[in-house]
Amino acid sequence: MNLHKEIYIPKPSPHDPDNLGHFGSLENGQVGFGGRFVPETLMPALEKLRLDYEAVRFDKEFWAEVDHYYKNYVGRPSSLYFAENLSKELDAKIYLKREDLNHTGAHKINHTVAQAILAKRLGKKKVIAETGAGQHGVATATVAALFGLECEIFMGAKDAARQELNVFRMKLLGAKVHAVESGSKTLKDAMNEAIRHWVTNARDTYYIIGTVAGPHPYPMMIRDIQSIIGWEAKQQLNAVEGCLPDKVIACIGGGSNALGIFNHFLEDESVECIGIEAGGLGLDSKHGCSLAKGSPGVLHGQLSYILQDEDGQVQEAHSISAGLDYPGIGPEHSFLKDEGIAKYDYITDDEALDAFVWLSQAEGIIPAFESSHAIAYLKKMKPDEIKGKTILINLSGRGDKDMIQAKDILKDQFA
Ligand SMILES: *Cc1c(COP(=O)(O)O)cnc(C)c1O
């Protein structure tokens, strides 16, 4: 098996949604998370995208083109690194899937490259995206530059002011950035604005969604794309250890890097997949735990667990990591949780910060704050849950983007 030669093509999943995007069957008494909760005028564009995606979903030529950019532009396959020092310390085998080594520093480039190639195939001239902290906006502006597409990014005005550097990056890459002044001026308002823009411009515009969320077919399509992570890791681990991992751990904002690494392991009974939500300041305070503390509701065109008040108003999430600071979660995770197929837990800001320093000093790898949540779970598990086990962790991104914030928080510790 040579990963450098083989081309990744998605495979159908037993958890594929129906044609309307419902995960789980309503007849089996399941909630039917997902769906399409959008203005009527957007339905034809979504149905067309579903058919367009179905046409390329298992198409060798399409994935060969994606593969070309993965290998030469993104730097795939990403390495699977045996974390020697963590392994020694914990008396376990800890493997890190190094998505942090990708171009632009995280897994987001995987789905923006593939979606931009799809957009180009469909004859679109423009791409739009919503962004919270700006990471998805930067990944989208990057591929727009690469493929010569016009690019407009919607960002809450409050976020745009907080994330000046990413706004500058997007503009440098040639994108136009709209600071959205409505509502709370954050991510959910940017999402509403992006959907509104798409309603009137769907003819020539492709909407690049940044995680396994949004109306059907986005959650399934982005899961398919990101599943290259677990597809590679499974083969890489088998080549060195000749076995499956006991546990697969990933952090969850919307849930794309987690589903990306989980998907090829969900049918392996011996493998436990664990998604880590942002515990923020604690579950009784501000956090981003849509699964642990939310309830089913509609956000971003889909039905899923969301953080909402008694009147159904979406609440603001909080996390030290901008990428986990999202009041919703992709619908497939809601399904996997309710069915008990994957397990979910959380890590607080403080625990994530500890792990950020821990991995930096133990392995010389500075992780993104998001990925630090997955690393921190190694310390939250009981020693007998880890000892002697083979554990695969998705290192979704690198910490460069978090340096200014980290320096501010940790300046006394490293004075
Ligand atoms: C955006 C981001 C996340 C969260 O997004 P998911 O869709 O949950 O993967 C996690 N890690 C990094 C480094 C990110 O940039």
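Computed from a prediction, not measured in an experiment: that's the story for all the values here. (Residues numbered from 1 in each chain as written. Predicted model: local features only at pLDDT ≥ 70, side-chain atom pairs only at ≥ 80, totals over all residues. Heavy atoms only, no water.)

Points about the environment of Gln-30
- Here Gln-30 shows up in the loop between β1 (22–23) and β2 (33–34).
- Residues in contact with Gln-30, not counting those within four places in the same chain, are Gly-24, Ser-25, Phe-335 and Glu-339.
- Polar contacts involving the side chain of Gln-30 include one to the side chain of Glu-339, which spans 3.0 Å. (Helix = DSSP H or I, 4+ residues; strand = E, 2+ residues; numbered from the N terminus. Contact = heavy atoms within 4.5 Å. Polar contact = N/O pair within 3.5 Å; in protein donor to acceptor, adjacent residues only side chain to side chain.)

Looking at the nonpolar core
- Among the nonpolar cores identified, the biggest contains 84 residues, and Tyr-206 and Tyr-218 are the most heavily contacted of them.
- Counting residues per element, this core draws most heavily on helix α4 (residues 108–121), which supplies 7 residues.
- Discounting residues that sit within four places of it in the chain, Tyr-218 has contacts with Leu-46, Leu-49, Gln-115, Trp-198, Tyr-206, Tyr-207, Ile-209 and Ala-213.
- Counting 26 residues, the second-largest nonpolar core is a separate cluster that includes Ala-92, Ile-276, Ala-362 and Met-381. (Core = buried A, V, L, I, M, F, W, Y, C linked by side-chain atoms within 4.5 Å. Buried < 20%, exposed > 50% of the residue type's maximum accessible area, 1.4 Å probe, protein only.)

What about the site of the ligand?
- The full set close to the ligand counts 18 residues, and Lys-108, Gln-135, Thr-211, Gly-253 and Ser-256 are the nearest of them.
- The side chain of Ser-256 places a nitrogen or oxygen atom 2.7 Å from an oxygen atom of the ligand.
- In this structure, a nitrogen atom belonging to the ligand sits 2.8 Å away from a side-chain N or O atom of Ser-396.
- Compared with its free state, where it exposes 380 Å², the ligand has 97% of that area covered by protein. (Near = heavy atom within 4 Å. Areas by Shrake-Rupley, 256 points an atom, 1.4 Å probe, with all protein chains shown as cover.)

Here's the deal with α4
- Compared with the 20 Å implied by 1.5 Å per residue over 14 residues, the 20 Å span of α4 between its first and last C-alpha is a close match.
- Among all positions in α4, only Lys-108, Ile-109, Asn-110, His-111, Thr-112, Val-113, Ala-114, Gln-115, Ala-116, Ile-117, Leu-118 and Ala-119 are buried. (Expected span 1.5 Å × (residues − 1).)

Brief notes about the packing of aromatic side chains
- Within the structure shown, the criterion is met by 10 aromatic pairs.
- Relative to Phe-147, the ring of Tyr-69 has its centre 4.9 Å away and its plane inclined at 70 degrees; by these criteria the two rings are edge-to-face. Here Tyr-69, found in helix α2 (residues 60–74), pairs with Phe-147, found in helix α5 (residues 135–147); they are 78 residues apart in sequence, far enough to count as distant.
- Since its relative accessible area comes to 11%, Phe-147 is described here as buried.
- Between Trp-198 and Tyr-207 the ring centres are 5.7 Å apart and the planes differ by 65 degrees, which places this aromatic pair in the edge-to-face class. An identical accessibility class is assigned to Trp-198 and Tyr-207; each is buried.
- An aromatic cluster is built from Tyr-8, Phe-62, Trp-63 and Trp-231, whose rings are joined through pairwise contacts.
- Here Lys-337 stacks its cationic end above the ring of Tyr-305, 5.7 Å away from the centre of that ring.
- Just above the ring of Trp-358 sits the side chain of Lys-379; from NZ or CZ to the centre is 4.1 Å. (Phe/Tyr/Trp six-rings, centres within 6.5 Å; stacked < 30°, edge-to-face > 60°. Lys NZ or Arg CZ within 6 Å of the ring centre and 35° of its normal.)

So, the sheet that holds strand β6 (residues 150–156)
- Strand order in the open sheet formed by 4 strands is β7-β6-β5-β8, with parallel pairing between adjacent strands. On the outer flanks of this sheet lie β7 (176–180) and β8 (205–207), each paired with one strand and no other. Between one strand and the next, the sheet's axes are offset by a mean angle of 25 degrees, whatever the strand orientation.
- The pairing of strand β5 (residues 126–131) with β6 spans 6 bridges and is parallel. Paired with Glu-130 across the strands is Phe-154, a residue of β6.
- Across the sheet, helix α8 (residues 187–201) touches β5, β6, β7 and β8, and the angle it forms with β5 is around 160 degrees. (Pairing = 2+ DSSP bridges. Axes fitted to C-alpha atoms, helices over the stretch in contact; angles between N-to-C directions.)

So, the environment of Ala-160
- Structurally, the position occupied by Ala-160 is in helix α6 (residues 157–162).
- Ala-160 sits in the buried class, given a relative accessible area of 13%.
- A sequence separation of 26 residues divides Ala-160 from Thr-186, and the C-alpha atoms of the two residues are 8.6 Å apart.
- Apart from the residues within four sequence positions on either side, Ala-160 is in contact with Met-155, Val-167 and Ala-179.

Re the pattern of salt bridges
- Counted according to the given criterion, the structure contains 29 salt bridges.
- Residue Lys-97 is joined to Glu-232 by a salt bridge in which the shortest nitrogen-to-oxygen separation is 2.7 Å. Taken together, the residues span a long stretch of sequence, with Lys-97 in strand β4 (residues 93–98) and Glu-232 in helix α10 (residues 228–241) at a distance of 135 residues. Comparing Lys-97 with Glu-232, the two get one shared label, buried.
- By sharing partners, the salt bridges in this structure join Asp-16, Arg-57, Arg-223, Asp-224 and Glu-332 into a single network. (Salt bridge = Lys/Arg side-chain N within 4 Å of Asp/Glu carboxyl O.)

Any functional reading would require information beyond the geometric quantities listed.
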